[in-house]
Amino acid sequence: LALMGFFKKVVVGDAIASPYVDQAFANPESQTPEFLVLGACMFTIQLYADFSGYSDIARGVSRLFGIELMVNFQQPFLSRNITEFWRRWHISLSTWLRDYLYIPMGGNRRGLTVTYLNLMITMLIGGLWHGASWNFVAWGGMHGIYLAIHRSFRDRKEEPSATASRLFSPGALGSIFCTNVLVILTFVLFRATDLPTALIYLEGMAGIFESA
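Let me sum up the structure you'll find in this document. This is a predicted model, so every value here is computed, not measured. (Residues numbered from 1 in each chain as written. Predicted model: local features only at pLDDT ≥ 70, side-chain atom pairs only at ≥ 80, totals over all residues. Heavy atoms only, no water.)

**Remarks on the overall build of the protein chain**
Using the following cut-off: The way it works is that DSSP assigns letters per residue, a run of H or I at least four long becomes a helix, a run of E at least two long becomes a strand, and they are numbered from the N terminus. A radius of gyration in this sense is built from C-alpha atoms; the matching globule rule multiplies 2.2 Å by the number of residues raised to 0.38. Pairs of residues are marked as contacts when any of their non-hydrogen atoms sit within 4.5 Å. Accessible areas in this description were obtained via Shrake-Rupley with a 1.4 Å probe; residue shielding takes into account the shown protein chains only. His is not counted, nor are the chain ends; Lys and Arg add positive charge and Asp and Glu add negative charge. For this purpose, a charge sits on NZ of Lys, CZ of Arg, CG of Asp or CD of Glu.
When helices and strands are counted, the protein chain shows nine helices and zero strands. For 212 residues, the compact-globule formula gives about 17 Å, and the C-alpha radius of gyration of the protein chain, at 18 Å, lands near that figure. Seen through its C-alpha atoms, the protein chain measures out along the principal axes to roughly 50 × 50 × 40 Å. Here the contacts in the protein chain between residues at least 6 apart in sequence split such that 61% fall between residues at least 24 apart. Carbon and sulfur atoms make up 67% of the accessible area of the protein chain, which totals about 11700 Å². One finds the centroid of the 16 positive side-chain charges in the protein chain at a distance of 13 Å from the centroid of its 15 negative side-chain charges.

**Some words on helix α2 (residues 33–64)**
Just so we agree on the cut-off: Given the number of residues in a helix, its expected span is that number minus one, multiplied by 1.5 Å.
An ideal rise of 1.5 Å per residue puts 46 Å on 32 residues; α2 measures up with 46 Å between its terminal C-alpha atoms. G66 occupies a position one or two residues after α2 and carries a positive phi of about 80 degrees.

**A closer look at the nonpolar core**
The condition is simple: Among the buried residues, those of types Ala, Val, Leu, Ile, Met, Phe, Trp, Tyr and Cys that are joined through side-chain atoms within 4.5 Å form a nonpolar core. Burial classes: relative accessible area under 20% of the type maximum marks a residue as buried, over 50% as exposed, and values in between as partly exposed (1.4 Å probe, protein chains only).
In this structure, W86, F187 and Y201 are the most contacted members of the largest nonpolar core, which totals 33 residues. Contributions of two or more residues to this core are made by α1 (2–26), α2, α3 (82–88), α5 (112–130), α6 (134–156), α8 (170–191) and α9 (195–211). Among all residues touching Y201, those that are not within four sequence positions of it are A24, F25, P28, F35, L36, G39, A40 and V188.

**What to know about the side chain of T122**
Basically, it comes down to this: Each polar contact in these results corresponds to two N or O atoms within 3.5 Å; when the atoms are within protein, one needs to be able to donate a hydrogen and the other to accept it, and residues that are neighboring in sequence are counted only if both atoms are side-chain atoms.
Within the fold, T122 resides in helix α5. Polar contacts involving the side chain of T122 include one to the main-chain carbonyl oxygen of N118, which spans 2.7 Å. When near neighbours in sequence (up to four residues on either side) are disregarded, T122 contacts L97, L101, Y102 and M105.

**A short note on the pattern of salt bridges**
Defined as follows: Definition used for salt bridges: Asp or Glu carboxyl oxygen within 4 Å of a side-chain nitrogen of Lys or Arg.
Within this structure, the stated rule accounts for eight salt bridges. Between D22 and R191 there is a salt bridge; the shortest N-O distance is 3.0 Å. Placement of D22 in helix α1 and of R191 in helix α8 is noted, with a sequence separation of 169 residues between them. Using a relative accessible area of 35% as the deciding quantity, one classes D22 as partly exposed. Take R191: its relative accessible area is 24%, and that puts it in the partly exposed class. Bridged by salt links that share partners, the residues K9, D14 and D50 form one connected network.

Pasting the structure below:
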């Protein structure tokens, strides 16, 4: 685990940071839409490689001392919706937010309106946990909106179980792709130095549709 984590952090995360991520986010107004999209995708991979790498190193070293830590990432980019993503991504944080914020506020036990409000408040606080900046607030707010929208659809229709055949069906692959697109858009807010820069970056990414 420790060696795998070191590989993720150094060989993957550090290798793509400078040539793609740093260059794209340093001056987004001067980059092409295609490079901005590439930069956002590369940052998503970098963040996963760094964070899951750190987690693997911590779990591996802890096992040397007989301590078992929880798994923090479980193939999050195979998630078919945003709720599933948060069950797979940064599990230690998402479970803490659920157990100590969402559930104590009432969770989903007080009607749909309160449920959506609780989701928004939980994710806004989760954004602020990463830093006192408007871009982190916007990041948390977007995830709160995502979760509320998915919750509204989930309440209307029962989701199929995640069997292997269903996971690689055309519908599931489409859901995985759309989920990752939504997640990548929020990570632009996460990586940008401030909210105005993030909006410039997102606007630049949208230019790919104009050029197409």
